[in-house]
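Structural overview for review
Chain by chain, the residues:
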Amino acid sequence: MKGETAERFVIFNLRLLAVSFAVVGILFIATPDGVLNSINDVGDWIGGFTPEPDTGTQFWLALAFAYMVIITAICLVVVTDVRRYRPFILVLAVGKVASSLAALAFLILDANYFVYLLNFLVDGYLAILAVWLWSLAGRVDLHAAPD
């Protein structure tokens with residue numbers, strides 16, 4: 001895949017990610033314990049996981065919400081000119097790798113919370129997806145018009 005096809009694919013996926021990140025950020029702020037309780041319910045259904053307690057404090061919630069806003073903005077900036085803003089896709093990947101590996105470390109060193117495993121898997125996948133989109137963005141023609 002290259003040229004306009006690669007560009008359309010990257011733009012579509014980054015728009016989809018932007019919407020997903022925005023929705024998750026809104027859910028974090030609107031119902032932080034609801035999100036955590038739902039994830040705990042899935043962990044209970046799978047079995048073998050300790051339920052993570054309610055957040056209790058809003059400090060980490062504020063940081064998580066800000067992170068979701070930033071990665072949403074990264075996606076929206078890149079779709080304006082995929083070729084020009086291509087390096088920002090790697091910034092997204094770095095953030096997702098950091099989040100994924102931190103969650104894995106917490107799973108191993110802190111507690112057997114399902115939310116840690118879920119975050120490791122989801123953000124690990126998103127990091128791989130971001131690197132792939134970055135690679136595809138490198139195949140966009142220099143003179144291709146942005147969408």
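Overview of the structure. (Residues numbered from 1 in each chain as written. Predicted model: local features only at pLDDT ≥ 70, side-chain atom pairs only at ≥ 80, totals over all residues. Heavy atoms only, no water.)

1. Looking at the overall build of the protein chain
On a plain count of helices and strands, the protein chain comes out with five helices and zero strands. In the protein chain, the order of α-helices and β-strands from amino to carboxyl end is α-α-α-α-α. Over its C-alpha atoms, taken along the principal directions, the protein chain stretches across nearly 55 × 25 × 25 Å. Taking all 147 residues of the protein chain together, 35% fall into the buried category. In the protein chain, the proportion of contacts linking residues at least 24 apart, taken out of those at least 6 apart, comes to 75%. By element, 71% of the accessible surface of the protein chain is carried by carbon and sulfur atoms, the whole surface being about 8500 Å². (Helix = DSSP H or I, 4+ residues; strand = E, 2+ residues; numbered from the N terminus. Buried < 20%, exposed > 50% of the residue type's maximum accessible area, 1.4 Å probe, protein only. Contact = heavy atoms within 4.5 Å. Areas by Shrake-Rupley, 256 points an atom, 1.4 Å probe, with all protein chains shown as cover.)

2. Thoughts on the pattern of salt bridges
One side chain can pair with another of opposite charge once the charged atoms of both are near each other. As enumerated under the stated definition, the model contains two salt bridges in all. Note that R8 and E4 form a salt bridge whose closest N and O atoms lie 3.6 Å from each other. Taken together, the residues span about one helical turn, with R8 and E4 both in helix α1 (residues 3-30) at a distance of four residues. The pair formed by R8 and E4 is uniform in burial state, with each residue classed as exposed. Between D123 and K96 there is a salt bridge; the shortest N-O distance is 3.1 Å. In this pair, D123 sits in helix α5 (residues 114-137) while K96 sits in helix α4 (residues 87-109), placing the two residues 27 residues apart along the sequence. The residues D123 and K96 share a single accessibility class, namely buried. (Salt bridge = Lys/Arg side-chain N within 4 Å of Asp/Glu carboxyl O.)

3. Some words on the layout of surface pockets
Taken as a whole, the largest pocket holds about 1300 Å³ of empty space. In terms of lining, the largest pocket is formed by 34 residues, of which the most central are F28, A64, S99, V115 and N119. Taken together, the elements giving at least two residues each to the lining of the largest pocket come down to α1, α2 (32-46), α3 (59-78), α4 and α5. Per-class residue counts for the lining of the largest pocket are 24 nonpolar, six polar and four charged. (1 Å grid on protein atoms, 1.4 Å probe; cavity = no way out; pocket = protein on both sides within 12 Å on 5 of 7 lines; lining within 4 Å. Points joined across faces, edges and corners; volume = space filled by probe spheres on them. Nonpolar A, V, L, I, M, F, W, Y, C, P; charged D, E, K, R; others polar.)

4. So, the nonpolar core
Core analysis: the largest hydrophobic core is formed by 24 residues, its most contacted members being V10, L14, L17, F21, I89 and L92. Secondary-structure elements contributing two or more residues to this core are α1, α3, α4 and α5. With seven residues, the single largest contributor to this core is α1. Counting nine residues, the second largest nonpolar core, distinct from the first, contains L36, F114, V115 and Y116. (Core = buried A, V, L, I, M, F, W, Y, C linked by side-chain atoms within 4.5 Å.)

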